[in-house]
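Single-letter residue listing:
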Amino acid sequence: CAGRFVVALDGPAAAGKGTIARALAARFGFAHLDTGLLYRAVGRKALAAGGGAIRPEDAIRAARALRAEDLQAPGLRDPQVGQAASQAAALPEVRAALLDFQRAFAARPGGAVLDGRDIGTVICPDADVKLFVTASDEVRARRRCAELRAGGAEATFEQVLEDLRRRDARDAAREAAPMKPAPDAVLLDTTKLSIDAAVAQAAALIERKCAGRAGGG
Ligand code: CDP
Ligand code: CDP
C-alpha cells in the first residue's frame, strides 16, 4: 500500500486492539499509535497532582503539557491509571488538547494504524479501513487478568471484570466522543478468534482496500 493509508481500530477495553494494531503495523510497515496511552499518561499525572483523585483542572493541565517521555512512564497499565484515564477522557478539553497530535500522526506518508475509542468516529473519520474490535466481557477480563499476572501484578478475574465494565460503561455513555462503532466500521468479534486469525481478517480488509486503490477504485 503506497502513500497515506489510515487504519482505525476502536473498541472496548482488552478486546485485542493493540495486539492487532501492532501486528498490522509490522506487516504493512505502518506506524502505530496506541492512543489509550495518551489518556493513561494524562490520568497518571492528574492522579499524582490530585493526591489520588481526578480533578478536571489537573487533567486539563496535564493534557495540555503532555510530552513524548510521559508515554514511557512506569505504571501506565495499572488498573487505577486506566480508571483515571477514563475519567480524564470524558472531559472535552482533555480530548481537544490531544487531537492535533493524533491527526498529525495519522497523516504520516507511510501509513498509520491508530487504536482507541474514537479513531473512526472523530480523529480519522476518513480512515481507509475502520474496525470495531469486540469480545465478550468474560473473555476480555480473562485475557487482561492473564496479562496483568504475567506482568507480576496481583489480579482476580472478578476485579478485572468489574474494572473493564466500569470503564466501558463510562466510555460509552460520555457526551464527548463516546466509544461506538463508526457507521462504516467492520465489526471484528475476537471472542473465539486466536490472535493470528483476528490479524488475518484485518489484514485481508487492508489488502482489499489497497488493491482497490491501486486499480483506481
Ligand atoms: O488494546 P486492547 O486493550 O484492546 O487489547 P490488547 O492489550 O491488545 O489485548 C488484551 C490481551 O488479549 C493481550 O494479552 C492479547 O495477547 C490477548 N488477545 C488474545 O488472547 N486473543 C486475541 N484475539 C486478541 C488479544
Ligand atoms: O488497553 P485498554 O483497552 O484497557 O485501554 P486504553 O486503550 O489504554 O484506554 C484507556 C482509557 O483511555 C479508555 O478507557 C478511555 O477512557 C480512554 N481513551 C479514549 O477515551 N479515547 C481513545 N482514543 C483511547 C482511550
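Residues numbered from 1 in each chain as written. Chains lettered and ligands numbered in written order. Predicted model: local features only at pLDDT ≥ 70, side-chain atom pairs only at ≥ 80, totals over all residues.

1. Comments concerning the overall build of the protein chain
Then step 1. Secondary structure assignment for the protein chain yields nine helices and five strands.
Then step 2. Helices and strands appear in the protein chain in the N-to-C order β-α-β-α-α-α-α-β-α-β-α-α-β-α.
Then step 3. Taking all 217 residues of the protein chain together, the buried fraction comes to 42%.
Then step 4. Taking the intrachain contacts of the protein chain between residues at least 6 apart in sequence as the baseline, contacts between residues at least 24 apart amount to 76%. (Helix = DSSP H or I, 4+ residues; strand = E, 2+ residues; numbered from the N terminus. Buried ≥ 20, exposed ≤ 12 C-beta atoms within 10 Å, placed from the backbone. Contact = placed C-beta atoms within 7 Å.)

2. Quick word on the UniProt feature "binding site: ATP" (unreviewed entry) in the protein chain
Then step 1. Per the UniProt entry, the sites bearing "binding site: ATP" (unreviewed entry) are Gly-11, Pro-12, Ala-13, Ala-14, Ala-15, Gly-16, Lys-17, Gly-18 and Thr-19 in this numbering.
Then step 2. Looking at the element boundaries, Pro-12 is found in the loop between strand E1 (6–10) and helix H1 (17–28).
Then step 3. By C-beta crowding, Pro-12 is classed as buried, having 21 other C-beta atoms within 10 Å.
Then step 4. Beyond its immediate stretch of four places on either side in the chain, Pro-12 contacts Thr-134, Arg-140, Asp-168 and Met-179.
Then step 5. For Ala-13, the location among the structural elements is in the loop between E1 and H1.
Then step 6. For Ala-13, a count of 23 C-beta atoms within 10 Å puts it in the buried group.
Then step 7. The contacts of Ala-13, once residues within four sequence positions are left out, are Arg-140, Leu-164, Arg-167 and Asp-168. (UniProt positions renumbered as here; feature names shortened; annotations may be inferred.)

3. Examining the site of ligand 2
Then step 1. Among the 15 residues in the neighbourhood of ligand 2, the closest are listed as Gly-36, Tyr-39, Ser-86, Ala-89 and Gly-116.
Then step 2. Looking at the shell around ligand 2, the elements that each hand over two or more residues are helix H2 (35–49), helix H4 (79–89) and helix H8 (157–173).
Then step 3. The residue inventory of the shell around ligand 2, partitioned by class, reads five nonpolar, five polar and five charged. (Near = placed C-beta within 6 Å. Nonpolar A, V, L, I, M, F, W, Y, C, P; charged D, E, K, R; others polar.)

4. Topic: the site of ligand 1
Then step 1. Around ligand 1, a shell composed of 16 residues is seen, among which Gly-16, Lys-17, Gly-18, Thr-19 and Arg-143 lie nearest.
Then step 2. Counting residues per element, the ones that place at least two in the shell around ligand 1 are H1, helix H7 (137–150) and helix H9 (195–214).
Then step 3. Across the shell around ligand 1, the residue classes break down as six nonpolar, five polar and five charged.

5. Some remarks on the confidence of the model for the protein chain
Then step 1. The predicted model of the protein chain has a mean per-residue pLDDT of 96, with 99% of residues at 70 or higher.
Then step 2. For this predicted complex, the interface confidence comes out at an ipTM of 0.98, alongside a pTM of 0.97. (pLDDT = per-residue confidence, 0-100.)

6. Some words on the nonpolar core
Nonpolar side chains tend to gather and get buried jointly when the protein is soluble and globular.
Then step 1. Within the largest apolar cluster, 38 residues are counted, with the highest numbers of intra-cluster contacts made by Val-7, Leu-9, Ile-20, Leu-24 and Leu-114.
Then step 2. Going through the elements one at a time, E1, H1, strand E3 (112–116), helix H6 (119–123), strand E4 (129–134), H7, H8 and H9 are the ones with two or more residues in this core.
Then step 3. Every residue in contact with Leu-24, bar those within four places of it in the chain, is listed here: Val-7, Phe-30, Val-113, Val-199, Ala-202, Ala-203 and Ile-206.
Then step 4. Residues Tyr-39, Ala-46, Ala-84 and Ala-97 belong to the second largest nonpolar core, which totals 19 residues. (Core = buried A, V, L, I, M, F, W, Y, C linked by C-beta atoms within 7 Å.)

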